[in-house]
Amino acid sequence: MLGIVIGVAAVISLVSIGQGVTQSVTSQVNDLGTNLISVSIQGRGVKTSLTLDEAMAYGEKKGVSAVAPVVSGMVKVRYANVTDTISLEGITPDYETVRNFSVASGRFLLPIDIDYGQKVALIGAETAANLFGEKSPIGEMMQVNGTPFRVVGVLEEKGSGMTGSNDDKILIPIRTAERLVKNKGVQMFYVQAETSDTVDQVVSQLEKDLSSKFPKQEDDEYEPYQIFNQKEMLSAVGTITSTLTTALAGIAGISLLVGGIGIMNIMLVSVSERTREIGIRKAIGAKRRDILIQFLIESILLGGIGGIIGLVLGGSGAVSLGKLMGIDVSVSLGTAGFAFIFSVAVGVSFGLFPANKAAKLKPIEALRMD
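Residues numbered from 1 in each chain as written. Predicted model: local features only at pLDDT ≥ 70, side-chain atom pairs only at ≥ 80, totals over all residues. Heavy atoms only, no water.

> Whenever I open this one, the environment of Pro354 confuses me. Can you help?
As for its position among the elements, Pro354 is in helix α11 (residues 333–359). The exposure class assigned to Pro354 is buried, which follows from its relative accessible area of 0%. Pro354 sits 91 residues away from Ile263 along the chain, and the two C-alpha atoms are 9.7 Å apart. Excluding residues that lie within four positions of it along the chain, Pro354 makes contacts with Met264, Met267, Leu268 and Val271. (Helix = DSSP H or I, 4+ residues; strand = E, 2+ residues; numbered from the N terminus. Buried < 20%, exposed > 50% of the residue type's maximum accessible area, 1.4 Å probe, protein only. Contact = heavy atoms within 4.5 Å.)

> When you look at the pairing of strand β10 (residues 169–173) in this model, what are you seeing that I'm missing?
Of all five residues that make up β10, five are buried, and the element is covered over most of its length. Relative to β10, strand β3 (residues 82–91) runs parallel, the two sharing five bridges. Counterpart to Ser87 in the pairing with β10 is Lys169. (Pairing = 2+ DSSP bridges.)

> What exactly am I supposed to notice about the nonpolar core here?
Burial of nonpolar side chains together is a common tendency in soluble globular proteins. Counting 24 residues, the largest nonpolar core has Ile37, Phe189, Val191, Leu206 and Ile227 as its most contacted members. Residue assignment for this core shows that the elements contributing at least two residues are β1 (36–41), α2 (52–56), β2 (64–79), β11 (188–193), α7 (199–213) and β12 (225–229). Per-element tally for this core: the top contributor is α7, with five residues. Leave out the neighbours within four places in its chain, and Ile37 touches Phe189, Tyr190, Val191, Val199, Val202, Val203, Leu206, Ile227 and Phe228. With 21 residues, the next largest nonpolar core counts Ile263, Phe295, Leu296 and Ala355 among its residues. (Core = buried A, V, L, I, M, F, W, Y, C linked by side-chain atoms within 4.5 Å.)

> Help me out: how do you make sense of a nonpolar patch on the surface in this one?
A cluster of nonpolar residues, Met1, Ile293, Ile297, Leu301, Ile305, Ile309 and Leu313, forms a patch on the protein surface that exposes about 600 Å² of accessible area. Structurally, the position occupied by Met1 is in the segment before α1 (2–32). (Patch = residues over 30% accessible without salt bridge, like charges linked within 9 Å, V, L, I, M, F, W, Y side chains within 5 Å. Areas by Shrake-Rupley, 256 points an atom, 1.4 Å probe, with all protein chains shown as cover. Salt bridge = Lys/Arg side-chain N within 4 Å of Asp/Glu carboxyl O.)

> When you look at the side chain of Ser16 in this model, what are you seeing that I'm missing?
Considering the arrangement of structural elements, one finds Ser16 in helix α1. Judged by its relative accessible area of 1%, Ser16 is buried. When residues no more than four places from it in sequence are discounted, the contact partners of Ser16 are Ala318, Val329, Ser330 and Val331.

> Looking at this structure, how should I read the environment of Glu298?
One can find Glu298 in helix α10 (residues 288–325). Taking C-alpha positions, Glu298 is 9.4 Å from Ala355, a pair spaced 57 residues apart along the chain. Each residue touching Glu298, except ones within four places of it in the same chain, is listed here: Met267, Ser270 and Arg274.

> Would you explain helix α5 (residues 125–132) in this entry?
Helical geometry note: an α-helix holds 3.6 residues per turn, so side chains three or four residues apart project in the same direction. Within α5, burial applies to Ala125, Thr127, Ala128, Leu131 and Phe132. With its buried residues spanning 160° around the axis, α5 presents them on a single face. Once α5 ends, the next one or two residues include Gly133, with phi positive near 65°. (Arc of directions from axis to C-beta.)

> Explain the packing of α10 against α11 to me, please; I cannot follow it from the model alone.
A pair of packed helices is captured by two measures, namely the crossing angle of their axes and the spacing between those axes. Two elements in contact, α10 and α11, have axes separated by 7 Å at closest approach and are oriented at 150°. Relative to α11, the element α10 is oriented roughly antiparallel. For the pair α10 and α11, the crossing hand works out as right-handed. For the contact of α10 with α11, a count of residues per class yields 16 nonpolar, eight polar and one charged. (Axes fitted to C-alpha atoms, helices over the stretch in contact; angles between N-to-C directions. Parallel < 35°, antiparallel > 145°, perpendicular 65-115°, else oblique. Left-handed = near helix turned anticlockwise from the far one by under 90°. Nonpolar A, V, L, I, M, F, W, Y, C, P; charged D, E, K, R; others polar.)

> Explanation requested: unusual backbone geometry in the structure shown.
Glycine aside, residues mostly have negative phi angles, and peptide bonds mostly take the trans form. A positive phi angle, close to 55°, is found at Ala80, a residue other than glycine. When you line up the elements, Ala80 lands in the loop between β2 and β3. Accessibility expressed as a relative area gives 55% for Ala80, which makes it exposed. At Asn100, a residue that is not glycine, the phi angle is positive and equals roughly 60°.

> Which parts of the structure should I look at to understand the packing of aromatic side chains?
Any two aromatic rings considered together are summarised by their centre-to-centre distance and by the angle between their planes. Using the criterion set out here, one finds three aromatic pairs in the structure. Pairing Tyr58 with Phe189 gives two aromatic rings, centres 5.3 Å apart and planes at 10°, and the pair type is stacked. Taken together, the positions of Tyr58 in the loop between α2 and β2 and Phe189 in strand β11 put the pair 131 residues apart, joining distant regions of the chain. Of the two residues, Tyr58 and Phe189, both sit in the buried class. Where Tyr95 meets Phe101, the ring centres are 5.4 Å apart and the plane angle is 40°; that geometry is what we call tilted. (Phe/Tyr/Trp six-rings, centres within 6.5 Å; stacked < 30°, edge-to-face > 60°.)

> Just to check I follow, could you spell out the pattern of salt bridges for this structure?
Opposite charge on two side chains makes pairing possible when the charged atoms of those side chains draw close. For the structure on display, the rule yields four salt bridges. With a shortest N-O distance of 3.3 Å, Lys169 and Glu89 are connected by a salt bridge. You can see Lys169 sitting in strand β10 and its partner Glu89 sitting in strand β3, a full 80 residues away along the chain. Side by side, Lys169 and Glu89 carry an identical accessibility label, which is buried. Of the charged contacts, one joins Glu140 and Lys135 as a salt bridge, the two residues approaching to 3.5 Å between their closest N and O atoms. For Glu140, a relative accessible area of 21% puts it in the partly exposed group.

> Just to check I follow, could you spell out the packing of helix α9 (residues 275–283) against α10 for this structure?
Running from N to C, α9 and α10 cross one another at 140°; their axes reach a closest spacing of 10 Å. One finds that α9 runs oblique with respect to α10. In this structure, α9 crosses over α10, and the sense of that crossing is right-handed. Contact residues: α9 offers Glu277, Ile278, Arg281 and Lys282, while α10 offers Asp290, Ile291, Gln294 and Phe295. Of the residues that constitute the contact of α9 with α10, the class distribution is three nonpolar, one polar and four charged.

Spelled out as structure tokens, the structure:
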């Protein structure tokens with residue numbers, strides 16, 4: 001029965017965690033919006049980036065509602081006696097809607113901040129806690145690569161995404177960032193399509209325009225630019241996690257088969273030890289069907305009780321692991337029902353042989369056994 005317990009618990013835990021991871025990743029992608037398109041430029045030719053004006057021009061394309069160019073780098077930040085190395089992004093005001101970011105306190109960047117290259121900054125919740133502790137950072141001055149910046153807002157917590165932590169970063173005006181990280185070109189920008197239905201149309205326009213600006217060199221193994229579609233990413237993630245979950249469940253199911261073999265062996269031993277009992281029952285009128293049902297019921301009970309214990313252990317284990325991993329995990333009724341029915345089916349399947357062997361015993365021969 002221990003094999004059944006371990007098998008059911010493993011199936012429940014692994015499938016539930018797999019489903020929880022799928023939901024977590026899907027939620028992160030959906031938070032960004034299924035109409036979000038990410039463009040990354042890695043050109044090696046004469047032209048390796050876009051100018052800010054070229055990137056902003058994509059906002060005028062048909063089917064595009066907004067565009068958010070980004071200039072990024074790592075910077076050293078200091079406030080009072082605290083120094084840290086943090087990811088920096090130079091952005092425009094449209095970043096707020098395109099990337100679905102919002103402020104918990106203070107304000108977001110304004111067009112005037114971009115036009116005049118103001119030295120103002122938005123900081124993530126984790127950055128605020130690391131640098132300022134319990135103190136409100138709004139209006140405080142901090143050093144970014146030795147340049148003073150005034151904190152004008154703190155971002156709402158978003159947790160970690162596929163590109164890293166969204167809470168440990170600094171956002172500043174893009175023109176200011178170009179000077180600060182000594183990068184005059186835009187190699188990353190986000191495009192928000194008007195609707196999810198126009199995403200394919202916008203992607204086609206982007207590919208046509210970028211292929212002319214960044215032609216692929218003969219010796220290039222990869223494209224000089226990459227376009228990521230959130231809808232395609234969501235579909236790919238769902239396929240991968242579903243496949244992994246199924247594979248993990250199959251591996252865990254091997255434990256159930258091992259448990260079934262254990263049940264068969266125990267029942268065979270039980271038949272040998274209870275041969276005289278079987279002989280007495282048959283001698284006083286028990287039919288072959290009665291003996292078969294008796295041993296099948298015992299096998300089903302072993303599988304069923306093991307399945308119930310496995311459900312309890314697997315469910316609690318999945319929830320505990322989910323908390324440690326920081327994801328929401330819940331055991332679906334479908335998964336629990338399948339695991340329990342499978343455990344009972346294993347008991348029936350592996351109990352048939354010993355039950356049938358017991359039912360075939362002849363009364364006289366059974367009574368002669370010691």
